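A look at the structure
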Amino acid sequence: EGGARFTIRLPLAGEKGKAAAVALPASEPPRNLSLLVVDDEASNTEFVRRLFAAYGNRVTVAGNVEQALQALKDGHFDIVLSDYAMPGKTGLDLLNILKQRGRSEAERFILMTGLSPAHEGFEGSIKIIKPLSIEKVLGAFRRVARSTPWTASYPESGSLRHTDVSHPTEGA
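Quick look at the structure, then. (Residues numbered from 1 in each chain as written. Predicted model: local features only at pLDDT ≥ 70, side-chain atom pairs only at ≥ 80, totals over all residues. Heavy atoms only, no water.)

**Remarks on helix H4 (residues 134-147)**
The terminal C-alpha atoms of H4, which comprises 14 residues, lie 20 Å apart, in line with the 20 Å expected from a rise of 1.5 Å per residue. Residues of H4 that are buried include every one of Ile134, Val137, Leu138, Gly139, Ala140, Phe141, Arg142, Val144 and Ala145, and no others. (Helix = DSSP H or I, 4+ residues; strand = E, 2+ residues; numbered from the N terminus. Expected span 1.5 Å × (residues − 1). Buried < 20%, exposed > 50% of the residue type's maximum accessible area, 1.4 Å probe, protein only.)

**Regarding helix H2 (residues 65-74)**
Along H2, the positions that sit buried rather than exposed are Val65, Ala68, Leu69, Ala71 and Leu72. What you see down the axis of H2 is that its buried residues fit within an arc of 160 degrees, all on one side. Along H2, exposed side chains directed more than 90 degrees from the buried face belong to Lys73 and Asp74. As for H2, its buried residues are in contact with strand S3 (34-38), strand S4 (58-62) and helix H3 (91-100). Two to three positions downstream of the cap, the backbone nitrogen of glutamate 66 sits 3.1 Å from a side-chain oxygen, assigning the N-cap of H2 to asparagine 64. (Arc of directions from axis to C-beta. Contact = heavy atoms within 4.5 Å. Polar contact = N/O pair within 3.5 Å; in protein donor to acceptor, adjacent residues only side chain to side chain.)

**Points about the pairing of strand S6 (residues 109-113)**
Two faces, one strand: in a regular strand the side chains alternate between the faces of the sheet. Burial within S6 is extensive, with five of its five residues counted as buried. Here S6 shows no split at all, with Phe109, Leu111 and Thr113 on one side and Ile110 and Met112 on the other all buried. As defined by bridge partners, strand S5 (residues 79-83) adjoins S6 across four bridges and the pair is classed as parallel. Pairing of leucine 81 across the sheet is with isoleucine 110, part of S6. Of the crossover connections in this fold, the one passing from S5 over H3 to the parallel S6 is right-handed. Where S6 lies against strand S7 (residues 126-129), four bridges are found, and the strand directions are parallel. Looking at the pairing, threonine 113 lines up with isoleucine 129 of S7. (Pairing = 2+ DSSP bridges. Right-handed = clockwise from strand over helix to strand, strands pointing away.)

**A short note on the pairing of S5**
Counting buried residues along S5, five of its five residues qualify, which places the element largely inside the surrounding structure. Alternating positions in S5 separate into two faces, Ile79, Leu81 and Asp83 on one and Val80 and Ser82 on the other, with burial throughout. Two elements, S3 and S5, share four bridges in a ladder whose sense is parallel. Of the residues in S5, the one forming a bridge with valine 37 is leucine 81.

**Things to note about the environment of glycine 88**
Structurally, the position occupied by glycine 88 is in the loop between S5 and H3. Note: C-alpha distance between glycine 88 and valine 65 (23 residues apart in sequence) is 7.8 Å.

**Let's talk about the environment of isoleucine 79**
As for its placement among the helices and strands, isoleucine 79 is situated in strand S5. On the accessibility criterion, isoleucine 79 (1% relative accessible area) is buried. Along the primary structure isoleucine 79 and isoleucine 110 are separated by 31 residues, whereas in three dimensions their C-alpha atoms are 7.7 Å apart.

See below:
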């Protein structure tokens, strides 16, 4: 009833046969935030949505800049996490639009990219270099919390021991 559920536990890279202990900026995501995730790759938006929704955050997903602007018209977000390279307008275009409109989300904007961090226009932006990982995403959120007057409910330190990834079967 409801399909199969799988839990996969993978060790982090480390010595052969041993899981590596990785110190993270926080042991878990911040709580009770409203997040806007903008990416044309559904696997990336789903990864971030699951990570943050599990901790009581409200996550809105947009597949492009136009959808993001519509979501922003309808409300306020504590943090915006956007891909850089998308069809049509880029994540950098979205950031510039937010700045032009005086939106506070421009101060709490994280740019995801597979391009070099030195790419033109990325200066001063908090960025995540793809592929995404829990450590990269949480680290970027931590930097946003430190760089703005706004403060998230975010633990000071911790470590990641394993990650559970559950996938119900199709049509469940």
